[in-house]
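Structural overview
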Amino acid sequence: MTEYFPDVKEIKYEGPDSKNPLAFKHYNADELVLGKKMADHLRFSVCYWHTFKGLGADPFGPGTIIRKYNDFSDPMQIAEATLDAAFELFTKLGVNFWCFHDRDIAPEADDLAETNRRLDKIVLKAQKLQDDTGVKLLWGTTNAFSHRRFMAGAGTNPSPEVFAYAASQIKKAIEITHQLGGVNYVFWGGREGYDTLLNTDMGRELDHLAMLLQMAVDHKKKIGFDGQFLIEPKPKEPTKHQYDFDSGNCHAFLQKYNLANDFKLNIEANHATLAGHTFQHELAYCAANGILGSVDANRGDMLLGWDTDQFPTNIYDATLAMYTILQSGGFDKGGLNFDAKVRRQSVDGIDLFYAHVGAMDCFARGLKNAARLIEDKVLENAVKERYAGWDGELGSKIEGKKVGFAELEAYILEHGEPELASGRQEMLENILNEYI
Ligand code: XLS
Ligand code: CA
Ligand code: CA
């Protein structure tokens, strides 16, 4: 079989003293952290779209990257060769999961029936490669945003015909995800938003989006797919305003339309920052509301205003993210999917490996730092102490709903001005730095 990345062998753990750029310094799959293997905590996944289909195109020019697996005239041959290259990379890296959009793995044909036949053919091959390598599908999803028919959205399109097309596509994508044993299925509302309110009936579009998701839930039950459904928030891009703006917004939407029991969220770092939040904020919101499903681990560039989807390298952010994830109980079905692409000038196959090795090591360090913070209970104790009043007499009465305005007023009239306590932010920031 053709080897697509011949200059890379299996990536091994060599420890923090290694100078080998193609070795892990921190990610040691079987090492136990808080009693669990690192691989099981982190559940790394490679994304198909950026890693294999992304060739460095940007708004100012076409792709710059040439890959051997694209060197065929027949698009199906390209699809098959790409899949071989993908599983070669997964196994050389030692990641246990992958993610795809339907249109990443098989090219769209002139009609839906033929498109689905193509998908079926590739899915059979993927199934075999999964069986041969043990690599599993973290999630599948639908690309209902690239084709021109979706220029005005999929579920929120003003045309019911386009809505029906999107529904047909999602139906098939859920089915193939089920066939491949996918652990999750993601809904990212590519063009579910608006460019101008002058032509938009927002209320009606939101109702339609909820109907599409309800149909997906019904179909999931019908075919017996027990994977987890995830919504991926993003505030803007490609539309000026995306309906799934952030986790708070998605949560409200799911509750309004009685979908909250059927969906959790897939939080992407770069989308959090585009929404004006930190990555940790979005994770913490989900954790506080029991809706943390999975994570797209990447980063943006704070000096650029768009979704740059870079590989994560910031250990501080990875530590806080892993801290929040561990505190919420860790991943059950979710994982860390590198929804990230190499830069346009990183034209060699080996760059894909440097990128993933660095990202995996970054999160491995984040995990180890977070585990130490948890073991030492430094932040936990500080938070506990800060809220200790709520375990006292007054706090318990309020939390126990035993008092109302009149009793609280009487309390203040009797006790006077509350005593203030320092938030100790600087001290805690210093402590945190000791763990990085
Ligand atoms: C795009 C999204 C997309 C989803 C899957 O910004 O991140 O890649 O993760 O459709
Ligand atoms: Ca994403
Ligand atoms: Ca993104």
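Residues numbered from 1 in each chain as written. Chains lettered and ligands numbered in written order. Predicted model: local features only at pLDDT ≥ 70, side-chain atom pairs only at ≥ 80, totals over all residues. Heavy atoms only, no water.

Scanning the protein from N- to C-terminus turns up 16 helices and 14 strands. By the compact-globule yardstick of 22 Å for 436 residues, the protein fits well, its C-alpha radius of gyration being 24 Å. Principal axes of the C-alpha set define a box for the protein whose edges measure 85 × 60 × 45 Å. Buried residues in the protein amount to 49% of all 436 residues. Contacts spanning at least 24 positions in sequence make up 76% of the contacts within the protein whose residues lie at least 6 apart. For the protein, the distance from the average site of its 47 positive side-chain charges to the average site of its 64 negative ones is 4 Å. (Helix = DSSP H or I, 4+ residues; strand = E, 2+ residues; numbered from the N terminus. Rg over C-alpha atoms; globule rule 2.2 N^0.38 Å. Buried < 20%, exposed > 50% of the residue type's maximum accessible area, 1.4 Å probe, protein only. Contact = heavy atoms within 4.5 Å. Lys, Arg positive; Asp, Glu negative; His and termini not counted. Charge placed at Lys NZ, Arg CZ, Asp CG, Glu CD.)

Attention now moves to the coordination of the calcium ion (ligand 3). Every protein donor of the calcium ion (ligand 3) is accounted for by Glu268 (OE), Glu268 (OE), His271 (NE2), Asp307 (OD), Asp307 (OD), Asp309 (OD) and Asp309 (OD), and the metal-donor separations fall at 2.2 to 3.2 Å. Between the donor residues of the calcium ion (ligand 3), the gaps in sequence give the motif E-x2-H-x35-D-x1-D. Between the calcium ion (ligand 3) and the calcium ion (ligand 2) the interatomic distance amounts to 4.6 Å, and Glu268 serves as a bridging ligand to the pair. With His271 in helix H9 (residues 269-274) and Asp309 in the loop between strand E13 (292-296) and helix H11 (315-327), the pair connects residues that are 38 residues apart, well separated along the chain. His271 gets classed as buried once you look at its relative accessible area, which sits at 4%. With relative accessibility at 6%, the residue Asp309 sits in the buried group. (Donors = N, O, S within 2.8 Å, 3.2 Å for Na, K, Ca; no water.)

Right, let's get into the site of ligand 1. Around ligand 1, the structure places Trp49, His101, Trp139, Trp188, Glu232, Lys234, Glu268, His271, Asp296, Asp307 and Asp339. At 3.3 Å from an oxygen atom of ligand 1 is found a side-chain nitrogen or oxygen belonging to Trp49. One of the side-chain nitrogen or oxygen atoms of Asp339 is found 2.9 Å away from an oxygen atom of ligand 1. Burial of ligand 1 by the protein amounts to 94% of the accessible area it has alone, namely 290 Å². Class assignment of the residues belonging to the shell around ligand 1 gives a composition of 3 nonpolar, 2 polar and 6 charged. (Near = heavy atom within 4 Å. Polar contact = N/O pair within 3.5 Å; in protein donor to acceptor, adjacent residues only side chain to side chain. Areas by Shrake-Rupley, 256 points an atom, 1.4 Å probe, with all protein chains shown as cover. Nonpolar A, V, L, I, M, F, W, Y, C, P; charged D, E, K, R; others polar.)

Right, let's talk about the coordination of the calcium ion (ligand 2) for a bit. Six octahedral donors around a metal ideally sit at 90 or 180 degrees from one another, while four tetrahedral donors ideally sit at 109.5 degrees. Around the calcium ion (ligand 2), the donor atoms from the protein are Glu232 (OE), Glu232 (OE), Glu268 (OE), Asp296 (OD) and Asp339 (OD), and they sit 2.2 to 3.1 Å away. Motif for the calcium ion (ligand 2), donor spacing along one chain: E-x35-E-x27-D-x42-D.

What follows concerns the nonpolar core. Counting residues in each nonpolar core, the largest one holds 114 residues, and the members touching the most others are Leu42, Phe90, Trp98, Leu336 and Phe363. A per-element tally of this core places helix H12 (residues 349-376) first, with 14 residues. In terms of nonpolar packing, the next biggest core, distinct from the first, is built from 5 residues, Ala144, Phe150, Ala154 and Val162 among them. (Core = buried A, V, L, I, M, F, W, Y, C linked by side-chain atoms within 4.5 Å.)

Moving on to the pattern of salt bridges. What the rule picks out here adds up to 20 salt bridges. Across the pair Arg344 and Asp58 runs a salt bridge, and its minimum N-O distance is 3.9 Å. On the criterion of sequence distance, the pair formed by Arg344 in the loop between strand E14 (336-338) and H12 and Asp58 in the loop between helix H2 (48-53) and helix H3 (75-93) is long-range, its members being 286 residues apart. Take Asp58: its relative accessible area is 34%, and that puts it in the partly exposed class. Put simply, Glu108 and Arg149 hold a salt bridge, and the shortest N to O gap is 2.7 Å. In this pair, Glu108 sits in the loop between helix H4 (102-105) and helix H5 (112-133) while Arg149 sits in the loop between strand E7 (136-141) and helix H6 (160-179), placing the two residues 41 residues apart along the sequence. Through salt bridges with shared partners, a single network forms among Glu3, Lys9, Glu88 and Lys92. (Salt bridge = Lys/Arg side-chain N within 4 Å of Asp/Glu carboxyl O.)

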